[in-house]
Amino acid sequence: MRTLEERLELFRREIAPKLPFSCEEYLTERGFFTAPASTVYHCSYEGGLFDHSLTVTRLLAELTERNGLVWGRPESPVIVGFFHDLCKADQFAAGPEGYVYREDSLLKGHGEKSVMLLSTLCRLTEEEVACVRYHMGAFTPAEEWNDYTRAIHRYPNVLWTHHADMLATHVREL
């Protein structure tokens, strides 16, 4: 596991220069660099959210290059990949046997909350909104599957974003 200083250095070197906005202070204040990515499933340790976000960003960049994906703006794979789980920065609290889900969060949802928080940092394209909103893919609630399918048809990178997230979660982070 990386130290906080190592995570910050990686962010400054690999992510921040590719963003059209500044956000290190915002992310630090919200615990992004120290939060887990989940309570038990993947990267459920201090700093896991950063590690997972970095992996998804790298995979989305790789998928973009290898498959000739076209995005609305060149920085979109970094914005989408790194911030798709921004909702988790304040979502978990340390409990007696690991992390637990916080029920007192003001904003709810997963993709929706990430879009809301990210939109306070920068103006998002509709494609970026769709990619972050529907990055859970088939894990989106069943009543939203038609919306997810429409999002893919309009913005195929929604599916690639989900693919990068699943590769990170179920292949790279094991």
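Check the entry above for the structure.
Read on for a plain summary of the structure.

1. A look at the overall build of the chain
No. 1: Per the secondary structure count, the chain includes eight helices and two strands.
No. 2: The secondary structure elements of the chain, listed N-terminal to C-terminal, are α-α-α-α-β-β-α-α-α-α.
No. 3: Over its C-alpha atoms the chain spans a radius of gyration of 15 Å, differing by no more than 12% from the 16 Å that the globule rule assigns to 174 residues.
No. 4: In terms of principal-axis extent, the alpha carbons of the chain reach across some 45 × 40 × 30 Å.
No. 5: A burial count over the chain gives 52% of its 174 residues as buried.
No. 6: Considering only contacts in the chain between residues 6 or more positions apart, those separated by 24 or more positions represent 64%.

2. Let's talk about the side chain of R7
No. 1: Its place among the elements puts R7 in helix α1 (residues 4-15).
No. 2: Since its relative accessible area comes to 2%, R7 is described here as buried.
No. 3: Reaching out from R7, the side chain makes a polar contact with the backbone oxygen of R2 at a distance of 2.4 Å.

3. A short note on the nonpolar core
No. 1: Core analysis: the biggest nonpolar cluster contains 45 residues, and L27, F83 and L118 have the highest contact counts within it.
No. 2: Where this core is concerned, the elements lending two or more residues are α1, α2 (24-29), α3 (48-67), α4 (76-83), α5 (111-118), α6 (126-133), α7 (145-154) and α8 (157-172).
No. 3: Looking at which element gives the most residues to this core, the answer is α3, with seven residues.
No. 4: With near-sequence residues (within four places) excluded, L118 lies in contact with F21, I79, F83, L86, L124 and V132.

Criteria and thresholds
- Residues numbered from 1 in each chain as written.
- Predicted model: local features only at pLDDT ≥ 70, side-chain atom pairs only at ≥ 80, totals over all residues.
- Heavy atoms only, no water.
- Helix = DSSP H or I, 4+ residues; strand = E, 2+ residues; numbered from the N terminus.
- Rg over C-alpha atoms; globule rule 2.2 N^0.38 Å.
- Buried < 20%, exposed > 50% of the residue type's maximum accessible area, 1.4 Å probe, protein only.
- Contact = heavy atoms within 4.5 Å.
- Polar contact = N/O pair within 3.5 Å; in protein donor to acceptor, adjacent residues only side chain to side chain.
- Core = buried A, V, L, I, M, F, W, Y, C linked by side-chain atoms within 4.5 Å.

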